[in-house]
Amino acid sequence: MTAIKEVVNRFGKKEALLLQVILAVQDADPQNHLSEEAVNEISREMNISRSRVYSTASFYSEISLKPRGIHIIRICTNAPCENANKASILAAIKQELGIKIGQTTADGLFSLESVNCLGACYMSPAIKIDDAVYGDLTPEAAVAIIRNLRKEYQDEQNA
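Rules used throughout
- Residues numbered from 1 in each chain as written.
- Predicted model: local features only at pLDDT ≥ 70, side-chain atom pairs only at ≥ 80, totals over all residues.
- Heavy atoms only, no water.
- Helix = DSSP H or I, 4+ residues; strand = E, 2+ residues; numbered from the N terminus.
- Buried < 20%, exposed > 50% of the residue type's maximum accessible area, 1.4 Å probe, protein only.
- Polar contact = N/O pair within 3.5 Å; in protein donor to acceptor, adjacent residues only side chain to side chain.
- Pairing = 2+ DSSP bridges.
- Axes fitted to C-alpha atoms, helices over the stretch in contact; angles between N-to-C directions.
- Contact = heavy atoms within 4.5 Å.

Between S124 and the following residue, P125, the backbone shows a cis peptide bond with an omega angle of 0°. You can see P125 is positioned in the loop between strand 2 (110-115) and strand 3 (127-129). For N85, which is not a glycine, the phi torsion comes out positive at approximately 75°. With respect to the element layout, N85 can be found in the loop between helix 5 (79-83) and helix 6 (86-97). Positive phi, normally seen in glycine, also occurs at D136, with a value near 50°. With respect to the helices and strands, the residue D136 is situated in the loop between strand 4 (132-134) and helix 7 (139-158). The exposure class of D136 is exposed, given its relative accessible area of 55%.

Printed below as a string of structure tokens:
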């Protein structure tokens, strides 16, 4: 049984559950994206048109149709974060990673994305890395978080 078939069986084949299925399939992908093959298989397994799967996937910013890094860094671009000096946080992250928004590091470890809101205005400026939200950041704190994740990854690879 394929991984996608298992996900569909776990959630069910109702079209109302399509978003949950897509997110689960993406989360299971090592490159954090929904491949063309996955779109086709979800369509077959759920008996939903391919265009419906694709349109749902392309609507949500949390879903990517192209490969991404192991860690997804999302930076908020909404007014509270902008006003709380988000620009300096973004500059520090871009310098540390050597990439721009929408890119992935050469080692495939990090992707950098912008989002309209993280729902963390009370602790702006904020970033979200994978499922964790970090707020009240300074440029130094943001870089320290990234360096720690890189070190953890390297330690895992060397273990």
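Attention now moves to the environment of T138. By secondary structure assignment, the location of T138 is in the loop between strand 4 and helix 7. Separated by 131 residues in the primary sequence, T138 and V7 have C-alpha atoms spaced 39 Å apart. Among the polar contacts made by the side chain of T138, one reaches the main-chain amide nitrogen of A141 at a distance of 3.0 Å.

Another aspect to go through is the sheet that holds strand 3. Within a beta sheet, neighbouring strands are joined by backbone hydrogen bonds and run either parallel or antiparallel to one another. An order of 2-1-3-4 is seen for the four strands of this open sheet, with the pairing classed as mixed. Each of the sheet's edge strands pairs with one partner strand only, and the pair in question is strand 2 and strand 4. Strand-to-strand twist of the sheet, defined as the mean angle between neighbouring strand axes without regard to direction, takes the value 25°. Across six bridges, strand 1 (residues 71-76) lies against strand 2 in parallel orientation. Looking at strand 2, one finds that H71 is bridged to F110. Sheet strands in contact with helix 6 are strand 1, strand 2 and strand 3, and its direction is about 155° off that of strand 1. Running at roughly 145° to strand 2, helix 7 makes contact with strand 1, strand 2, strand 3 and strand 4 of the sheet.

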